[in-house]
Amino acid sequence: MAITIYHNNACSNSRGALALIRESGIEPEIIDYLNAPPTRERLQELITRAGLTVRGAMRDKGELYDQLGLADASLSDAALLDAMMAHPALINRPFVVTPKGVRLCRPPALVHEIL
């Protein structure tokens, strides 16, 4: 089974999801999305397939989120996507893609739904 994880090794949720995938006997394709972010179209696809809103796929912790004023509820999805494209650290993680679907694996155990 082909599995892709959009991974940030500094994130415990991302490391946990990766460990669970490997425990299932599969070595996934690992995309370090901070250094190789998805295209805007791919990010939108991941969000949609995971059943999330754009805001739901955004990391809302940290100084960057606050500095950019992203808590403003009047911001459009396009504006939020623009922010995530300009600053990949704002993309919540880890997104995991398998033939069974896409999940934002927070908590990591959600990966079991698509393995």
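We now turn to the structure provided with this report. Fair warning: this is a prediction, and the values are worked out from it, not measured in the lab.

The rules we used
- Residues numbered from 1 in each chain as written.
- Predicted model: local features only at pLDDT ≥ 70, side-chain atom pairs only at ≥ 80, totals over all residues.
- Heavy atoms only, no water.
- Core = buried A, V, L, I, M, F, W, Y, C linked by side-chain atoms within 4.5 Å.
- Buried < 20%, exposed > 50% of the residue type's maximum accessible area, 1.4 Å probe, protein only.
- Helix = DSSP H or I, 4+ residues; strand = E, 2+ residues; numbered from the N terminus.
- Contact = heavy atoms within 4.5 Å.
- Pairing = 2+ DSSP bridges.
- Right-handed = clockwise from strand over helix to strand, strands pointing away.
- Axes fitted to C-alpha atoms, helices over the stretch in contact; angles between N-to-C directions.

1. Focus: the nonpolar core
Link 1 in the chain: Counting residues in each nonpolar core, the largest one holds 22 residues, and the members touching the most others are Tyr6, Ile47, Met58, Leu70, Met84 and Phe95.
Link 2 in the chain: Those elements that place two or more of their residues in this core are helix H2 (40-49), helix H4 (77-86), strand E3 (95-98) and strand E4 (101-104).
Link 3 in the chain: Ranked by residue count, the leading element in this core is H4, at 4 residues.
Link 4 in the chain: Other than its neighbours up to four places away in sequence, isoleucine 47 contacts Leu52, Thr53, Val54, Ala57, Leu81, Met84 and Phe95.

2. Things to note about the side chain of asparagine 8
Link 1 in the chain: Along the polypeptide, asparagine 8 turns up in the loop between strand E1 (4-7) and helix H1 (12-23).
Link 2 in the chain: Excluding its chain neighbours within four sequence positions, the residues that come into contact with asparagine 8 are Ser14, Tyr33, Leu34 and Arg93.

3. Details of the pairing of E3
Link 1 in the chain: The alternating pattern of E3 places Phe95 and Val97 on one face and Val96 and Thr98 on the opposite face, and all of these are buried.
Link 2 in the chain: Pairing of E1 with E3, which is carried by 3 bridges, proceeds in the antiparallel orientation. Each bridged residue has a counterpart across the sheet, and for isoleucine 5 the counterpart in E3 is valine 96.
Link 3 in the chain: Pairing between E3 and E4: 4 bridges, direction antiparallel. Across the sheet, valine 96 pairs through a bridge with arginine 103, a residue of E4.
Link 4 in the chain: If you look at the hairpin formed by E3 and E4, you'll find 2 residues sitting between the two strands.

4. Concerning the pairing of E1
Link 1 in the chain: Along E1, one buried face is formed by Thr4 and Tyr6 and the opposite face, lined by Ile5 and His7, is buried too.
Link 2 in the chain: Traced from E1 through H1 to strand E2 (residues 29-32), the parallel crossover comes out right-handed.

5. Some thoughts on the sheet that holds E2
Link 1 in the chain: Judged by pairing direction, the sheet is mixed, and its 4 strands sit side by side in the order E2-E1-E3-E4 without closing on themselves. The sheet terminates laterally at E2 and E4, the two strands that pair on one side only. The average undirected angle you get between the axes of adjacent strands in this sheet is 15°.
Link 2 in the chain: Sitting on the sheet, H1 is in contact with E1, E2 and E3, with an inclination near 160° to E1.

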